[in-house]
Each structure stands twice: as structure tokens, then as C-alpha cells.
Amino acid sequence: MTVRHSPPASQPTSIMRTKDSFALIAIQAAVLTGCLVPQGAKNALREQIVDEASPGKRLFQGHCARCHGIQATGGFGPSLAQPKLRSAPDEAALIRVIRNGIPDSAMPGAWQISDRDARQLAAYVRTLGKVEPRAVPGDAARGRAIYEGKGTCATCHRIRRQGGAQGPDLTDVGRRRGVDYLRQSLVDPGAAQPEVGGDPHSPPGYAQFLPVRAMIAEGREIQGVRLNEDDFTIQLRDADNRIQSLRKGELRALQKEFGKSPMPSYENVLSASELDDLVAYLASLRGDE
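Residues numbered from 1 in each chain as written. Predicted model: local features only at pLDDT ≥ 70, side-chain atom pairs only at ≥ 80, totals over all residues. Heavy atoms only, no water.

Student: For the state of the cysteines, give the residues involved together with the corresponding values.
Tutor: As used here, a disulfide is simply a covalent bond connecting the sulfur atoms of two cysteines. On inspection of all chains with the given rule, the structure shows zero disulfides. Cys64 takes part in no disulfide bond, and the closest cysteine sulfur, belonging to Cys67, lies 8.8 Å away. On the accessibility criterion, Cys64 (16% relative accessible area) is buried. Summary of cysteine pairing: Cys156 is not part of a disulfide, and the nearest cysteine sulfur, belonging to Cys153, is at 8.9 Å. A relative accessible area of 31% means that Cys156 is categorised as partly exposed. (Disulfide = S-S within 2.5 Å. Buried < 20%, exposed > 50% of the residue type's maximum accessible area, 1.4 Å probe, protein only.)

Pasting the structure below:
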């Protein structure tokens, strides 16, 4: 008796994968030999093939994209797609930044990667300076008027020592943060809170403005933002702009409101075009650069 075996269920998929592989090889061959594909598409495909083979790009996506963005256009960290990096003007300095980080900033050192990986990563980051800068929608001059007027931002923030101290100094916020991050910090301030660093008592940068509610022994509650903290004390700036130093052992309760921000959302305060203008102004604030 002849037994007929059905082909394995995976066979059609294997055939399709084989066809796809042949198709990809044919496209790549066409690109490389100059056949069939228009010149513009041919260049794009060639660049894509080269980019995907770039070890520095793979290292960037694994180690750096979380803060600097998958396209390196910025996020919690600054955009790297600019011709000059303030902390890394040349390749040797860039490798030092990659290995050691930047003191007093949220940029950590990648001490765990090899010297070869650091060189490859630096080589890729250097290529980003040749990328066309991302256009920021909105008008910075109109955004400044919103900052100083309707937005009342100067009540809590400072620019070049002018303004309030309840919020972070924004003098160089456009150099330190990406455009998408700036927009999110306006429409959903709590979501845009940076993560606390390795030492929970010495959070870097903006994370030190954590909202805190402290219940003191008399039963009175003090609300403010954290300025500093150690194992025994915490220092706050309260709603009246007074600095309060409290002993933790004398408090009835201490509540740290992670994921919240004392800053209100501007989503329903400003129109879409006004938000664009304000983001454009904040992105233009680059300190002494």
C-alpha cells in the first residue's frame, strides 16, 4: 500500500521566505549594478543597506536611543543631530564623554563597553552632525510673548536669572532637551518627569523638583518641591517661595508624589498654534552656545 504524505505545514512559508530572499537579493543587486531602480531610490536603498550594517548605529540604538531618540533628534537628552556638540568638539572628547559621562548632568558613562565599541559609537555620532537639522514648527518670537504673558511661565521659571525659582532654570533648556520632550512637558507635565538617578537622595537636574507633602508634628501640612534630601532631613521650597528644612524623624508623614508635577497642563490653556510657538521659543533657549 502506498502512503501519500502531505507536505509539511511549514513548506509554503519556507517557499515564501526563499522568494523574499531572492527578491531582496535581486533589489540589492539592482541597486549595486545600476539596473531597474531610479537613481534616488537606488541611493536611498544603498544608504539603508550601509546604515543597517553600521555597528556604531546598532550600539547607539542599544545604549543611547532611550534618551536621545531613535533618530538622535533628542528627547529627555539633547539632539545629537547638530554639527557641533558642546561637550564633545572632537572625536577624542566624544569618546571621553561616552566612556565617562558628563559630570553634574544626567549623562552617565558607558564604562561597560569596550574601547572598540566606544570608537564605533563615536564614529556614528559624528555622522549625525551632517544630518539636516529638524525644523521646529512655530514662531519663537510669538512664543516668547506667550512665555512672558498668557503662559505666566516666568512666575516659576528663570531665564538668565530673570523669573521665579519654583521650577527649573530654562536658560539652556533647548540645548538639553528635545522638541518632543518640551511639548510633552507642556501638555502632560507629570508624564515628562525625568527618572531619578542612581542616588535617590541626590537626584540630578529637573528631578529635584519633585512635589512633596510633609505633615509636621502640629498637624499642619507643608506642600512644596524638593530641593535636597539626605537620610535625616529634607529641604523644600514651599508655595510661598520659602525654603523649609525638615527633620524626617519629627514628621508625622512624608509623601513624595512621583509622576506628578506642580506645573499645570497647558493643553487646554493654549491653542495648538500657541503651543507650537511656545515650544519653538523653548527650543531656541540654548544658553551661551
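Student: Talk me through the environment of Gly138; I want residue IDs and the actual numbers.
Tutor: Relative to the assigned elements, Gly138 resides in the loop between helix H6 (115-128) and helix H7 (140-148). For the pair Gly138 and Val279, spaced 141 residues apart in sequence, the C-alpha separation works out to 7.4 Å. Ignoring anything within four residues of it in the chain, the contact list for Gly138 reads Asp276, Asp277 and Ala280. (Helix = DSSP H or I, 4+ residues; strand = E, 2+ residues; numbered from the N terminus. Contact = heavy atoms within 4.5 Å.)

Student: Tell me about the side chain of Gln82, and please be specific about residues and values.
Tutor: Its place among the elements puts Gln82 in the loop between helix H4 (65-68) and helix H5 (91-100). With a relative accessible area of 16%, Gln82 lands in the buried category.

Student: If you had to explain helix H9 (residues 179-187) to someone new, which residues and values would you point to?
Tutor: Every buried residue of H9 is accounted for by Val179, Tyr181, Leu182, Ser185 and Leu186. Down the axis of H9, the buried set is contained in an arc of 165°. They therefore lie on one face. Those residues of H9 that are buried lie in contact with helix H8 (173-176) and helix H10 (272-284). (Arc of directions from axis to C-beta.)

Student: Outline the pairing of strand S3 (residues 211-215), supporting the account with residue identities and numerical values.
Tutor: In terms of strand pairing, S3 meets strand S4 (residues 221-229) through five bridges, oriented antiparallel. From the neighbouring strand, Pro211 faces S4, where its bridge partner is Val225. Counting the residues between successive antiparallel strands, the hairpin from S3 to S4 contains five residues, one of them, Gly219, with a positive phi of roughly 90°. Summarising the sheet, S3 and strand S7 (residues 253-256) pair through four bridges and their orientation is antiparallel. Counted as the bridge partner of Arg213 is Gln255 from S7. (Pairing = 2+ DSSP bridges.)

Student: Account for the confidence of the model for the protein, naming residues and giving values.
Tutor: Confidence in the prediction for the protein averages 78 pLDDT; 75% of positions are at 70 or higher. The secondary-structure element of the protein with the lowest mean pLDDT is helix H1 (residues 11-33), recorded at 43, while H7 shows the highest, at 97. (pLDDT = per-residue confidence, 0-100.)

Student: With reference to specific residues and values, describe the side chain of Gln235.
Tutor: Within the secondary structure layout, Gln235 lies in strand S5 (residues 233-238). Of note is the side chain of Gln235, whose polar atom sits 3.0 Å from the side chain of Ser245. When neighbours within four sequence positions are excluded, Gln235 is seen to be in contact with Val225, Arg226, Leu227, Asn228, Glu229, Gln244 and Ser245. (Polar contact = N/O pair within 3.5 Å; in protein donor to acceptor, adjacent residues only side chain to side chain.)

Student: I'd love a proper account of the nonpolar core, names of residues and values included.
Tutor: Ranked by size, the top nonpolar core spans 19 residues in total, and within it Phe60, Leu80, Leu94, Ile98, Leu121 and Val125 carry the most contacts. Of all the elements in the fold, those that place two or more residues in this core are helix H3 (55-63), H5 and H6. Element by element, the count of residues in this core is highest for H6, at six residues. Discounting chain neighbours no more than four positions away, the residues touching Leu80 are Phe60, His68, Ala72, Leu85, Val125, Leu128 and Gly129. If you look at the next biggest cluster of nonpolar residues, it comprises 18 residues, including Leu182, Tyr266, Ala283 and Leu285. (Core = buried A, V, L, I, M, F, W, Y, C linked by side-chain atoms within 4.5 Å.)

Student: Could you give an account of the packing of aromatic side chains, naming the residues involved and the relevant values?
Tutor: As enumerated under the stated definition, the model contains three aromatic pairs in all. One residue, Arg177, lies across the ring of Tyr181, its end atom 5.6 Å from the ring centre. (Phe/Tyr/Trp six-rings, centres within 6.5 Å; stacked < 30°, edge-to-face > 60°. Lys NZ or Arg CZ within 6 Å of the ring centre and 35° of its normal.)

Student: Give me the sheet that holds strand S6 (residues 243-247): which residues, what numbers.
Tutor: In space, the five strands of this open sheet follow the order S6-S5-S4-S3-S7, with antiparallel pairing throughout. Only two strands of the sheet have a single partner each, and these edge strands are S6 and S7. Across the sheet, the axes of successive neighbouring strands diverge by a mean angle of 40°, strand direction being ignored. (Axes fitted to C-alpha atoms, helices over the stretch in contact; angles between N-to-C directions.)

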